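An overview of the molecular structure
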Amino acid sequence: MFGNYLIGLREGLEASLVVCILVAYLVKTDRRDALRPVWFGIGIAVAVSLAFGAALEFGSQELTFEAQELLGGSLSVISVGLVTWMIFWMRRTARHLKSELHGRLDAALQMGTGALVATALLAVGREGLETALFVWASVRAGGEGRSGPLIGVLLGIATALVLGWLFYRGALKINLARFFRWTGSMLVIVAAGVLAYGVHDLQEARFVGGLRNKAFDITSTVPPDSWYGTLLKGVFNFQPDPTVAQVTVWALYLIPTMLFFLAPQRGKPTGRPAPVAPPKADPEPAPEDAVVRPPGSEGTVSPR
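Residues numbered from 1 in each chain as written. Predicted model: local features only at pLDDT ≥ 70, side-chain atom pairs only at ≥ 80, totals over all residues. Heavy atoms only, no water.

A count of helical and extended segments in the protein chain gives nine helices and zero strands. Here the protein chain holds 304 residues, and 42% of them are scored as buried. Counting contacts in the protein chain only where the partners sit at least 6 residues apart, residues at least 24 apart contribute 82% of the total. Within the structure as shown, the protein chain displays about 18200 Å² of accessible surface, and the carbon and sulfur contribution to it stands at 66%. (Helix = DSSP H or I, 4+ residues; strand = E, 2+ residues; numbered from the N terminus. Buried < 20%, exposed > 50% of the residue type's maximum accessible area, 1.4 Å probe, protein only. Contact = heavy atoms within 4.5 Å. Areas by Shrake-Rupley, 256 points an atom, 1.4 Å probe, with all protein chains shown as cover.)

Its identity as a non-glycine residue notwithstanding, D30 has a phi of 60°, on the positive side. Along the polypeptide, D30 turns up in the loop between α1 (2-28) and α2 (35-59). Among the residues examined, D30 registers a relative accessible area of 61% and is labelled exposed. With phi around 65°, R206 is a residue other than glycine that occupies positive phi space. Mapped onto the elements of the fold, R206 is located in the loop between α7 (176-204) and α8 (227-236).

What follows is about the pattern of salt bridges. Under the definition given, this model contains two salt bridges. Linking R31 and D33 is a salt bridge whose minimum nitrogen-to-oxygen distance equals 3.1 Å. A salt bridge links R206 to E66, with the shortest nitrogen-to-oxygen separation between them at 3.6 Å. Of the two residues, R206 sits in the loop between α7 and α8 while E66 sits in helix α3 (residues 65-93), which places them 140 residues apart along the sequence. Judged by relative accessible area, R206 falls into the exposed class, the value being 71%. (Salt bridge = Lys/Arg side-chain N within 4 Å of Asp/Glu carboxyl O.)

To continue, consider a nonpolar patch on the surface. Taken together, the side chains of V162, W165, L166 and Y168 make up a nonpolar region of the molecular surface, amounting to roughly 380 Å² of accessible area. You can see Y168 is positioned in helix α6 (residues 148-169). (Patch = residues over 30% accessible without salt bridge, like charges linked within 9 Å, V, L, I, M, F, W, Y side chains within 5 Å.)

Time to look at helix α9 (residues 244-262). In a regular helix each residue adds 1.5 Å, so 19 residues correspond to 27 Å; α9 covers 27 Å between its end C-alpha atoms and thus fits that length. The set of residues buried in α9 consists of Q246, Y253, L254, T257, M258 and F261. On an axial view of α9, the arc spanned by its buried residues comes to 110°, and they lie on one face. Facing away from the buried side of α9 by more than 90 degrees, the exposed set consists of L252, L259 and F260. (Expected span 1.5 Å × (residues − 1). Arc of directions from axis to C-beta.)

Locating Q239 in the fold gives a position in the loop between α8 and α9. One polar contact links Q239 to Q246, side chain to side chain, over a distance of 3.1 Å. Excluding residues that lie within four positions of it along the chain, Q239 makes contacts with H200, F216 and Q246. (Polar contact = N/O pair within 3.5 Å; in protein donor to acceptor, adjacent residues only side chain to side chain.)

For the rest of this paragraph, the subject is the nonpolar core. Most often, soluble globular proteins have nonpolar side chains that are buried together. Judged by nonpolar contacts, the single largest core of 22 residues is most densely connected at V80, I87, F134, L187 and Y253. Considering each element in turn, this core owes the most residues, seven residues, to α7. Within the second largest apolar cluster, 21 residues are counted, among which are V38, L105, A123 and V124. (Core = buried A, V, L, I, M, F, W, Y, C linked by side-chain atoms within 4.5 Å.)

Turning next to the environment of F52. Following the sequence through the fold, F52 ends up in helix α2. In this view, F52 contacts L129, A132 and L133; residues no more than four positions away in its chain are not counted.

Turning next to α2. Relative to the 36 Å expected for 25 residues at 1.5 Å per residue, α2 spans 35 Å between its end C-alpha atoms, a close match to the ideal helical length. All of the buried residues along α2 are L35, P37, V38, G41, I42, A45, S49, G53 and L56.

This is the structure:
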């Protein structure tokens, strides 16, 4: 449940920040007349995201078991790729997000109402579709037919909406760079579990082999129905009897992705002051005998 709460919090907060930037800019520039098409675009983005999630949930139920597992595994892999791209994109462009959105709004204001709707739709819709896909994959990984993962996602989104409102009102200030760094690290761990579960789905669909080749089996030590087994499953999508393919894919994704994510960004100041070169001593004045005179000036006397 914690992992799904983190997904809802992180994705919801990104969408809330986008909305806050759009609305605050229009209010600050005294363009309140443009708020209605912006809110209309945001509403369309939310509706499309909910419809996409519903289509994933109810549309897959009409398929055969192997088709469901193939679809679920494939979409789990795709969702992990999208979320990983989103994490690194936010890490790279978070400092310029505000100016980028302001530029898009300025262009949309000159083009008219339709451009304003499209700008809000695209800015929020991307976050919504990514959230719907990753949440669906994570809920499947957390266990089908359980309301816990979905409740965790809804609580995370609700928390993000409250934080977004407080940001807009100026009542809350936190270090967003540090916040996205910590939540991004946790999302990498969650995504690794979703990816491993997606591989298991592909194995059950007979698309990937090795379903019977277990890496280890500690079911007797960590029963899936125990409180700690449920906790590990909810936070890390831990499985006590994974296959060799699951463990391999989990490690190949988690280790390099985490190292790249935590590595310092190029061109970013490290916090250490630059070394200061010692001041150069003033050159000693050259004696008159050492002064170089132009040719033909020998013997001439300069006027005093």
